[in-house]
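# Architecture at a glance
Here is how the chains run, residue by residue.
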Amino acid sequence: MTTATIREETCVPRFARGTRLQYDRVREQWFVQAPERAFLADAVAAEILQLVNGKRSLGQIIDQLTEKFSAPRDVITQDVMSMTQDLADKQVLLLA
C-alpha cells in the first residue's frame with residue numbers, strides 16, 4: 001500500500017485501519033471518521049466513498065458512477081482520481 005500518485009484505474013482503494021465512512025442521521029451528512037479527526041464528505045465524495053470496499057478498482061468505481069449519473073466518463077474520472085489522491089495523501093485511503 002502506498003500514497004504514491006494515482007496513475008492507473010487498476011488501483012484498488014481501501015480505507016486505512018480505523019477509518020470509515022459513516023452517515024450522521026441527525027445532520028443528514030456523510031463523513032469520514034479517522035483516528036483523532038473527521039472529514040465531512042460532500043455529495044460527490046460520499047458517492048465515491050460508498051463504493052470503496054477494498055475490492056473494486058478505481059476503474060470499476062468510475063464505471064459504476066458513470067452509469068449511475070449518465071455523466072461523461074472523463075468528468076467522473078477526474079473527480080474520482082482527484083478525490084482519492086487527496087484522501088491517500090491524508091492517509092485516509094490506501095491504494096493497492
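Located above this text is the structure these notes cover.
Cut-off values and rules
Along each chain, residue indices are assigned from 1 in the same order as the chain's sequence is written. With pLDDT at 70 or above as the cut-off, local features in this predicted model cover only qualifying residues; side-chain atom pairs require 80 or more to be listed or tallied, and sums for whole chains, interfaces and linings still use all residues. Think of the side-chain values as coming from all heavy atoms in the structure, minus any hydrogens and water. Going along the chain from the N terminus, every DSSP run of H or I of four or more residues is numbered as a helix, and every run of E of two or more is numbered as a strand. To get the radius of gyration, use the C-alpha atoms; to get the globule rule, take the number of residues to the power 0.38 and multiply by 2.2 Å. Only protein chains enter the accessibility calculation, which uses a 1.4 Å probe. A residue is then buried if its area is under 20% of the maximum for its type, exposed if over 50%, and partly exposed in between. Pairs of residues are marked as contacts when any of their non-hydrogen atoms sit within 4.5 Å. We count a salt bridge whenever a side-chain nitrogen from Lys or Arg sits within 4 Å of a carboxyl oxygen from Asp or Glu. Should DSSP find at least two bridges between two strands, the strands are regarded as paired. To estimate the expected span of a helix, count its residues, drop one, and scale the result by 1.5 Å.

### What to know about the overall build of the protein chain
Within the protein chain, the regular secondary structure consists of three helices and five strands. Seen in sequence order, the protein chain has helices and strands lined up from the N terminus as β-β-β-β-α-α-α-β. In terms of overall dimensions, the protein chain is globule-like: its C-alpha atoms have a radius of gyration of 13 Å, near the 12 Å expected for 96 residues. If you line up the protein chain on its principal axes, its C-alpha atoms span 35 × 30 × 20 Å. Considering the protein chain as a whole, with its 96 residues, one finds that 41% of them fall into the buried category. Sequence-distant contacts in the protein chain: of pairs separated by 6 or more residues, those separated by 24 or more amount to 56%.

### Side note on the pattern of salt bridges
The tally for this structure, following the rule as stated, stands at five salt bridges. Where Asp 24 meets Arg 27, a salt bridge forms, and the shortest distance between an N and an O atom there is 2.6 Å. A relative accessible area of 65% places Arg 27 in the exposed class. With a shortest N-O distance of 3.3 Å, Lys 90 and Asp 86 are connected by a salt bridge. Note on Lys 90: relative accessible area 33%, which makes it partly exposed. Salt bridges here are not isolated pairs; linked through shared partners, they connect Glu 9, Asp 63 and Arg 73.

### What to know about the pairing of strand S4 (residues 37–41)
Pairing between strand S3 (residues 29–34) and S4: five bridges, direction antiparallel. Among the inter-strand pairings, Trp 30 is bridged to a residue of S4, identified as Ala 41. In sequence, S3 turns back onto S4 through a hairpin of two residues, with Glu 36 there showing a positive phi of about 65 degrees.

### Some words on the pairing of S3
Here strand S2 (residues 20–24) runs beside S3; their pairing, made up of five bridges, is antiparallel. Paired with Gln 22 across the two strands is Phe 31, which belongs to S3. Linking S2 to S3, which pair antiparallel, is a turn of four residues; within it Glu 28 sits at a positive phi near 50 degrees.

### Points about helix H3 (residues 73–89)
Over its 17 residues, H3 extends 24 Å from the first C-alpha to the last, a length consistent with the 24 Å expected when each residue adds 1.5 Å. Looking one or two residues past H3, Gln 91 carries a phi angle of roughly 60 degrees, positive in sign.

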